[in-house]
Amino acid sequence: MHAQIGLIFGVVAGCLGPGLRDVPAAGPAGTPEHVTFTEHVAPIVFNHCASCHRPGEAAPFPLLNYRDVKKHGHLIRGVVDERTMPPWPPAEGWGHFQDERRLAREQIELIDRWVESGMAEGPAEKLPPLPAFAAGGWTLGTPDLVVTLPEAYPVPADGKDIYRMFVLPLNQKEDRWVTAVEIRPTARSVVHHALYFLDSTGAARKLDEADLGPGFGRMGFPRTGTLGGWAVGATARRLPLGLAFPLAAGSDLVVQMHLHPSGKPEREQTSFGIYFAKEPPRRRLLGTQAPMLFGIGTALRTKGIEPGDRDFTIHGTWKVPFDVDVVGIGGHAHYLCKTMKAVAELPDGKEVKLFAIDDWDFNWQGRYNYVEPVRLPKGAVVRTTLVYDNSAENPRNPSNPPVKVRWGEGSLDEMGSVGLMFVAVNEGDLASYRGPAIFGGGDTVSRLGRRAGPAAAKGLGGVFGGRDPAQVMTLFDALDADQDGKLKGDELPARLRLLMFRLDANHDGILDRAEMEKAIADARGDAAEPGPGTSATPLPVPSTGPTMADLDGRAWNPLRPAEGTKANVLVFLTRDCPVGNTYTSEIGRIANDYSARHVAFLAVYVDPDMTADEAKAHAKEYGLTLPIVRDVDHVLVKQTGAEVVPEAAVIGESGRVAYCGRIDDRFGKLGRQRTEPSRHDLRDALDAVLAGKPVAQARVPAIGCPIADMKK
C-alpha cells in the first residue's frame with residue numbers, strides 16, 4: 001500500500017518537544033580527555049532523545065537518567081555511529097531544515113569516548129535539568145474538532161507491517177481551513193506514521209463498508225485533498241507563514257496508518273485533534289512532484305526492475321512556472337529504493353542542492369520544512385533522481401529470491417518521486433497557473449480546495465471520475481514518456497486503454513493532447529460535486545554448570561540437559577530491548593514446534609535491575625510461556641558466550657554449546673529489518689543437533705541490545 005504524497009508539513013518535526021529549543025547542543029570543539037555523563041553526554045541525550053525515550057511515548061525504553069543511559073550505552077553508541085538514531089534521513093549539506101535531529105560529529109565522538117572510557121557518571125552538580133515536557137493533554141491546546149477511530153484495530157504480536165486506511169466523517173457543513181492536526185495513539189509502540197487525506201466523493205466510505213474489518217486495505221479512492229501527516233518523533237506544529245490546508249464541506253478524513261507489530265498484541269484506537277484557522281490564509285500552498293504521479297510515466301511502469309539490478313534509475317523534472325518560495329520537500333518510494341535527490345538548476349547556471357537521502361528507508365518517510373524558504377526564479381529546473389536496488393544483497397528487499405517489480409500501488413510494487421511544497425512569490429501569478437496543485441488555498445476552498453486545481457469549483461464527471469482538468473492533464477503529461485503530445489502503445493497502461501478508445505475522436509489508435517482537451521471541455525457540463533557473516537570465534541566449552549531454580553521453583557541445570565532431553569535452548573532476554581520483544585512470538589513458535597522432539601527451552605533474563613515479578617509480567621505481556629531463570633550475575637552469559645538480546649544458545653546432551661547466535665536473519669543491522677527472514681539459524685542448528693550432526697555455523701552474530709551494559 002503506497003503512502004500518497006500529501007507533501008506533509010511537520011511529519012518529521014523532530015523529537016524536540018516544547019521547551020527543548022533552549023537546551024544547548026552539546027559538543028565542544030575538541031573532545032575532552034575525561035568525558036562524563038553529567039557534563040557531556042546528558043545534554044546530548046536530553047536534547048535529542050528524551051522526548052521520545054520517556055514513559056508514555058513510542059520509544060521502547062526511557063533515557064532520563066544516568067542508569068537508563070549507561071544500561072544502553074553500547075547500543076546507543078552503535079545506533080549513533082550508524083546514524084540510525086536520532087532518526088534523520090536527509091543527507092548533510094542538502095538543505096537546512098527545521099528541527100534537525102542530526103548529531104554533530106563532535107557529539108558522536110563524545111558518546112564514543114564516554115562508552116570507551118567506562119561510562120563515568122560525573123559530578124552530580126553538573127547534571128542539566130530534564131526538559132519541560134507537555135504534561136498530557138493536547139500539545140497545541142484544545143482542538144477545534146476531535147475525531148476517533150470508530151473501533152479499535154487489532155495489531156498482532158508479530159508479522160508484516162500493516163498499512164490500513166480508516167474513514168472518519170468530519171461532518172463539516174461549510175468550507176474550513178486547517179492549520180494543524182495532532183495525533184493521540186492509544187498504543188504508541190505500534191503506530192509508526194499516519195498520513196491524512198481528504199475524500200469529498202464518498203468513495204472511501206464505500207471501500208470501508210465493503211471490507212469486513214475496521215478500515216480497508218487499498219488506496220483505491222480519489223484523494224481530493226490532504227491535511228499532512230505524522231511520524232514517530234514528530235511534534236505537532238501549525239503550518240508556517242500563516243498557511244493552511246483547505247477543507248471542503250462534506251469531506252471525510254481518510255487516515256492511512258502504518259502499524260508495526262511490537263511483539264505483543266495491541267488494539268489501536270487513535271484520536272485526531274484538528275485545528276481550524278480563524279480566517280482564510282492570504283497565500284496559497286501548492287505542491288508538485290518530480291517525476292509526476294510517483295513515476296507512473298517512467299521506466300518503472302514500462303520496463304520494470306529486473307531481479308539482480310542494483311542501480312535501476314528514474315528521473316523527473318519540474319520547470320518552475322514563476323518565482324516561487326519552496327517551503328518544504330520530501331520523497332516517497334517503496335522498499336527497493338536506496339537513494340533519492342533533488343537539484344535545482346537556476347537560469348544563471350548555478351545549482352542548488354535541495355534535498356537528498358543516501359539510505360532510503362520505507363519505514364521512515366517524512367516531509368521536511370526549510371528553516372528559510374528556498375527562492376527559485378521562473379525558468380529554474382528541478383531535476384530529481386531515484387535509484388533502486390532489486391538484488392538479493394539489499395536487506396530491505398521484501399522478495400527472496402528477488403522478482404521483477406513494476407510500478408504499482410502495493411507495497412511490494414514500486415513507485416517514486418520527490419514532492420515540493422511551494423508558494424508563489426507574487427500571488428497574481430496564480431491567476432494564469434494551469435499546472436498541478438496537489439493542494440491549495442488562499443481565497444476560497446471552492447477554487448483550489450475541493451479539487452486541487454484552479455478549475456476545481458466544478459470537477460469533471462463521467463469518464464473522468466470527478467477529477468479536475470489539471471489532474472487529468474497532469475496524468476496525460478506523466479504518461480507521455482517521449483513528450484510528443486500523444487499517448488500511444490505502451491505509454492498507456494492497460495487499464496486505461498478502454499478510456500483511450502472512448503476519447504480517440506478520429507479512431508487512429510493515438511490519443512493526442514487536442515483530443516484530451518476536447519474531452520475535458522465536453523465533460524465540464526456533466527461535472528459532479530463532490531510502505532552475516534559468521535564469526536570464527538570458538539564456542540566455549542562450559543563445565544557442568546550451575547543448578548538454578550526457575551521462577552516457579554523448579555530446579556534446572558541450564559548447561560546440562562536432563563535425562564531424556566536432547567538439547568536445552570537458552571534464549572537471552574530483557575524487557576526493554578525492541579529487537580528482543582519483536583522476536584517473542586517466533587521464540588514461542590520454535591519452542592512449540594520442538595517440544596515434542598525433547599528440546600527444553602528457557603527464557604534467561606539478564607537485566608539485574610529486573611525483579612522476578614517484572615520478569616514474569618514481561619513474559620506474560622508478550623505471551624511467553626517458557627520457564628524463566630534470572631541470570632543477574634551473567635553466569636550463563638559467560639558460559640555460553642552470548643553477547644546480545646535476543647540471542648539463543650543450544651546446549652547438546654554432552655553439555656557442549658553446539659550453537660550460539662541469532663534466531664534468524666530478520667535484522668541485517670539495527671534499524672534494518674527484512675519483511676521475512678531468509679535464514680532460520682536457530683531452527684537449522686536444532687535440526688542438526690537432533691540429527692546427530694555438527695552445526696554448519698556454530699556462531700552467527702546476532703543483532704540486538706548488548707548484554708555487557710546490563711550489569712549490577
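1. Quick notes on the state of the cysteines
Then, in step 1: Under the defined criterion, the tally for this structure stands at 1 disulfide.
Then, in step 2: One disulfide bridge connects Cys577 with Cys705, the sulfur atoms lying 2.2 Å from each other. As the torsion about the S-S bond is roughly 90°, the Cys577-Cys705 disulfide counts as right-handed. In this pair, Cys577 is assigned in the loop between β23 (567-573) and α11 (578-582) and Cys705 in strand β32 (residues 705-706), connecting sequence segments 128 residues apart.

2. Some points on the pairing of strand β18 (residues 416-424)
Then, in step 1: Among the 9 residues that make up β18, 9 are buried, leaving the element largely enclosed by the rest of the structure.
Then, in step 2: Across the two faces of β18 the burial is the same, with Gly416, Val418, Leu420, Phe422 and Ala424 and Ser417, Gly419, Met421 and Val423 all buried.
Then, in step 3: The sheet contact formed by strand β11 (residues 286-290) and β18 spans 5 bridges and is antiparallel. From the neighbouring strand, Leu286 faces β18, where its bridge partner is Phe422.
Then, in step 4: Of the pairings in the sheet, the one linking strand β13 (residues 324-333) to β18 comprises 9 bridges and is antiparallel in character. By the bridge assignment, His332 is partnered in β18 with Ser417.

3. Here's the deal with helix α13 (residues 612-621)
Then, in step 1: Looking only at α13, the buried set comprises Ala615, His618 and Ala619. Considered in projection along α13, the buried side chains sweep an arc of 95° and stay on one side of the axis. Counted as exposed and oriented over 90 degrees from the buried face of α13: Asp613 and Lys620.
Then, in step 2: On the buried face of α13, the contacting elements are α11, β24 (599-605) and β25 (628-630).
Then, in step 3: Two residues or fewer after α13 comes Gly623, characterised by a positive phi angle close to 75°.

4. A short note on the environment of Ala380
Then, in step 1: Summarising the element assignment, Ala380 is placed in the loop between β16 (367-376) and β17 (381-388).
Then, in step 2: Under the relative-accessibility criterion, Ala380 is labelled buried at 0%.
Then, in step 3: Here the alpha-carbon distance between Ala380 and Ala344, two residues 36 residues apart in the chain, equals 6.6 Å.
Then, in step 4: In this structure, Ala380 is in contact with Trp318, Lys319, Val320, Glu345, Leu346 and Pro347, ignoring residues within four places of it in sequence.

5. Considerations on the pattern of salt bridges
Then, in step 1: For the coordinates displayed, the defined rule picks out 30 salt bridges.
Then, in step 2: Residue Asp609 is joined to Lys71 by a salt bridge in which the shortest nitrogen-to-oxygen separation is 3.3 Å.

6. A look at helix α12 (residues 584-594)
Then, in step 1: Among the residues of α12, those classed as buried are Thr584, Ser585, Glu586, Ile587, Ile590, Ala591 and Tyr594.
Then, in step 2: Contacts from the buried residues of α12 go to β23, α11, β24 and α15 (681-690).

7. With respect to the packing of helix α1 (residues 37-48) against helix α4 (residues 105-116)
Then, in step 1: Running from N to C, α1 and α4 cross one another at 125°; their axes reach a closest spacing of 10 Å. In terms of orientation, α1 and α4 fall into the oblique class. Classified by chirality, the crossing of α4 by α1 is left-handed. Here Phe37, His40, Val41, Ile44 and His48 of α1 lie close against α4, whose contacting residues are Gln107, Leu110, Ile111 and Trp114.
Then, in step 2: Considered class by class, the residues forming the contact of α1 with α4 number 6 nonpolar, 3 polar and no charged.

8. Details of the confidence of the model for the protein chain
Then, in step 1: On average, the protein chain scores 83 in pLDDT, and the residues at 70 or more come to 83%.
Then, in step 2: Within the protein chain, the lowest mean pLDDT, 35, falls on helix α7 (residues 445-448), and the highest, 98, falls on β17.
Then, in step 3: The low-confidence segment residues 440-463 (pLDDT under 50) makes 100 contacts with residues lying over four places distant or belonging to another chain.
Then, in step 4: In this model residues 526-536 is a low-confidence stretch, pLDDT under 50, and it forms 34 contacts with partners more than four residues away in sequence or in other chains.

9. Brief notes about the packing of aromatic side chains
Then, in step 1: The final tally for this structure, using the stated rule, is 17 aromatic pairs.
Then, in step 2: Look at Phe37 and Phe46: their rings are 6.4 Å apart centre to centre, the planes differ by 80°, and that puts the pair in the edge-to-face class.
Then, in step 3: Accessibility expressed as a relative area gives 1% for Phe37, which makes it buried.
Then, in step 4: Judged by centre distance (6.3 Å) and plane angle (65°), the rings of Phe312 and Tyr388 are edge-to-face. With Phe312 in strand β12 (residues 312-319) and Tyr388 in strand β17, this pair connects stretches of sequence that are 76 residues apart.

What counts, and where the lines are drawn
Residues numbered from 1 in each chain as written. Predicted model: local features only at pLDDT ≥ 70, side-chain atom pairs only at ≥ 80, totals over all residues. Heavy atoms only, no water. Disulfide = S-S within 2.5 Å. Helix = DSSP H or I, 4+ residues; strand = E, 2+ residues; numbered from the N terminus. Buried < 20%, exposed > 50% of the residue type's maximum accessible area, 1.4 Å probe, protein only. Pairing = 2+ DSSP bridges. Arc of directions from axis to C-beta. Contact = heavy atoms within 4.5 Å. Salt bridge = Lys/Arg side-chain N within 4 Å of Asp/Glu carboxyl O. Axes fitted to C-alpha atoms, helices over the stretch in contact; angles between N-to-C directions. Parallel < 35°, antiparallel > 145°, perpendicular 65-115°, else oblique. Left-handed = near helix turned anticlockwise from the far one by under 90°. Nonpolar A, V, L, I, M, F, W, Y, C, P; charged D, E, K, R; others polar. pLDDT = per-residue confidence, 0-100. Phe/Tyr/Trp six-rings, centres within 6.5 Å; stacked < 30°, edge-to-face > 60°.

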